[in-house]
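Spelled out, the chains give:
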Amino acid sequence: MLYCGRPERIAIASRQSWPGFLPVHASLIDAPDQMPVSARPRRQRFGGRVRMAGFAIVFPMSAASAAELARPTAQTIPDTPVKKRPDWTVELGAFGLFSPKFFGAKDSKFSALPYVSLKYKDIAFASFDKGIGVNLFSANGFTAGAFVNLRSGREEKESRRYLTGLGDIDPALAAGAFVKYDYGRFFSTQVTLSKGIVSFGDSKSKLNALGLLEKTEGNLGTRIDWSADVRMPLFDNRLHLSVGPRVSFFDKEYAESAYGITVNQALASGYRSYKPKGGIGEVGVGGSARYRITDNLSATAFGSYTRIVGDAAKSPLVTGPGGSKDQFKAGVGLTYQFGL
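Since we're looking at a predicted model, the values are computed, not measured.

Conventions and cut-offs
Residues numbered from 1 in each chain as written. Predicted model: local features only at pLDDT ≥ 70, side-chain atom pairs only at ≥ 80, totals over all residues. Heavy atoms only, no water. Phe/Tyr/Trp six-rings, centres within 6.5 Å; stacked < 30°, edge-to-face > 60°. Helix = DSSP H or I, 4+ residues; strand = E, 2+ residues; numbered from the N terminus. Buried < 20%, exposed > 50% of the residue type's maximum accessible area, 1.4 Å probe, protein only. Patch = residues over 30% accessible without salt bridge, like charges linked within 9 Å, V, L, I, M, F, W, Y side chains within 5 Å. Areas by Shrake-Rupley, 256 points an atom, 1.4 Å probe, with all protein chains shown as cover. Salt bridge = Lys/Arg side-chain N within 4 Å of Asp/Glu carboxyl O. Lys, Arg positive; Asp, Glu negative; His and termini not counted. Charge placed at Lys NZ, Arg CZ, Asp CG, Glu CD. Pairing = 2+ DSSP bridges. Polar contact = N/O pair within 3.5 Å; in protein donor to acceptor, adjacent residues only side chain to side chain. Contact = heavy atoms within 4.5 Å. Axes fitted to C-alpha atoms, helices over the stretch in contact; angles between N-to-C directions.

Participant: Would you mind going over the packing of aromatic side chains with me for this structure?
Facilitator: Describing an aromatic ring pair means giving the distance of the ring centres and the angle of the ring planes. As enumerated under the stated definition, the model contains twelve aromatic pairs in all. With 5.4 Å between their ring centres and 70 degrees between their planes, Phe95 and Tyr115 make a pair best called edge-to-face. Taken together, the residues span a long stretch of sequence, with Phe95 in strand E1 (residues 88-100) and Tyr115 in strand E2 (residues 108-120) at a distance of 20 residues. Taken together, a centroid distance of 6.3 Å and an interplanar angle of 25 degrees make the contact between Phe250 and Tyr259 stacked. Overall, the relative accessible area of 2% leaves Phe250 in the buried class. Under the relative-accessibility criterion, Tyr259 is labelled buried at 2%. Aromatic ring contacts, followed pair by pair, group Phe103, Phe250, Tyr254 and Tyr259 into a single cluster.

Participant: Got a minute to help me understand a positive patch on the surface in this structure?
Facilitator: Together, Lys252, Lys275, Lys277, Lys314 and Lys325 give the surface a local cluster of positive charge. Note on placement: Lys325 falls in the loop between helix H6 (316-319) and strand E14 (326-339).

Participant: Is there a simple way to think about the pairing of strand E13 (residues 297-308) in this case?
Facilitator: Within a regular strand, side chains alternate between the sheet's two faces. One ladder, built from eleven bridges, connects strand E12 (residues 279-292) with E13; its direction is antiparallel. Its bridge partner lying in E13, Gly287 is registered against Gly303. Between E12 and E13, which follow one another and run antiparallel, lie four residues. In this structure, E13 lies alongside E14, joined through eleven bridges in antiparallel fashion. Looking at the pairing, Phe302 lines up with Gly331 of E14.

Participant: How do you make sense of the pattern of salt bridges when you look at a structure like this?
Facilitator: Pairing between side chains becomes possible if they bear opposite charge and their charged atoms approach one another. Scanning the model with the defined rule gives eleven salt bridges in all. Among the salt bridges present, the one from Arg290 reaches Glu91, with a minimum N-O distance of 2.6 Å. With Arg290 in strand E12 and Glu91 in strand E1, the pair connects residues that are 199 residues apart, well separated along the chain. Arg223 is the partner of Asp225 in a salt bridge, and the nearest nitrogen-oxygen pair spans 2.7 Å. According to the relative accessible area criterion, Arg223 is buried, its value standing at 16%. Each of the salt bridges in this network shares a partner with another, and the network as a whole consists of Arg85, Lys119 and Asp122.

Participant: So what exactly am I meant to see when it comes to the side chain of Asp229 here?
Facilitator: For Asp229, the location among the structural elements is in strand E10 (residues 222-234). Side chain to side chain, Asp229 and Arg246 meet in a polar contact 3.2 Å long. Once residues lying within four places of it in the same chain are set aside, the contact partners of Asp229 are Phe186, Phe187, Ser188, Ser242, Val243, Gly244, Arg246 and Gly286.

Participant: When you look at the environment of Lys180 in this model, what are you seeing that I'm missing?
Facilitator: Following the sequence through the fold, Lys180 ends up in strand E6 (residues 172-183). It is 6.6 Å that separates the C-alpha atoms of Lys180 and Val191, two residues lying eleven residues apart in sequence. In this structure, Lys180 is in contact with Gly141, Phe142, Thr143, Ser188, Thr189 and Gln190, ignoring residues within four places of it in sequence.

Participant: Help me understand the sheet that holds strand E3 (residues 124-127) in this model?
Facilitator: Whether parallel or antiparallel, the strands of a sheet pair through hydrogen bonds between backbone atoms. What the twelve strands build is a closed barrel, ordered E1-E2-E3-E4-E5-E6-E7-E10-E11-E12-E13-E14; its pairing is antiparallel. Across the sheet, the mean angle separating the axes of adjacent strands is 20 degrees when strand polarity is ignored. Pairing geometry for strand E4 (residues 131-139) and strand E5 (residues 142-151), over seven bridges, is antiparallel. Bridging from a neighbouring strand, Val134 pairs with Ala146 of E5. Where helix H4 (residues 252-259) meets the sheet, its contacts fall on E5, strand E7 (187-199), E10, strand E11 (239-250), E12 and E13, and the angle it forms with E11 comes to roughly 105 degrees.

On their own, these measurements won't tell you what the molecule is for.
What follows is the structure, given as structure tokens:
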């Protein structure tokens, strides 16, 4: 209740109807002065009426102003524009890579490689490591698609000491399919199947070290690769770590091309002839660390350890003086990403 002046003035004000106020009954106030209003000086009555009229005007206006200020308006919260993702994402860079000189080699070689990656929305992709592909299905964390990529070969000049007489394995074009499952940002697993379809080498027969005609071609066999990765975003998503197991399965044709030795190759090289069967050929673990230096520039380091198993591990290329069942790869690179 608002109190202003003497109690008898409150009683006078309560008899009138003012907007925004509840009437106060005069009987609730014990007024010590019972002098009739008409008997009071005119100046006093006039002054009281002016003051009470002022309260009647100011208070309702103040309440209305407070309500207006409290009401949310479009100007109180500015609109934040939603940044649209570009249709095309381009990533360019270069990598330095240490890898075995050939399948099953104990010695490593260094390669400086350019890196180019293109991505169109979540539909199509193209890169040196993944090939050219398209996502055919994507829902509830599952993605399935198809691709073609290039399989690397093997050249005698990579290791004259251990490969002379074995001939070259030409690069080949492989086609395949994959299924991937992502559990949020923290886990993913993928199965990939690929089959060699075209050899890019010289399909003519060549003379080997013994002067025998031997036809060389790329690896046209089939392999299945399974991988799983635990992913850890750190430092406000600037650093991304991932690590997990790897398993590879070879069919007979793939195993013979990579780890087998024909009779003519055995005569020319001094190795015994060998025909491996299909099955699990490699098990291991791989991981990577990617640090975002700026919004566009990133540095990446990666590595893997692979253990050759099964019939592939019994190949003279692996058990011989130039071979090893333990295979290591490691690389670092710098890439720049932008949208179109």
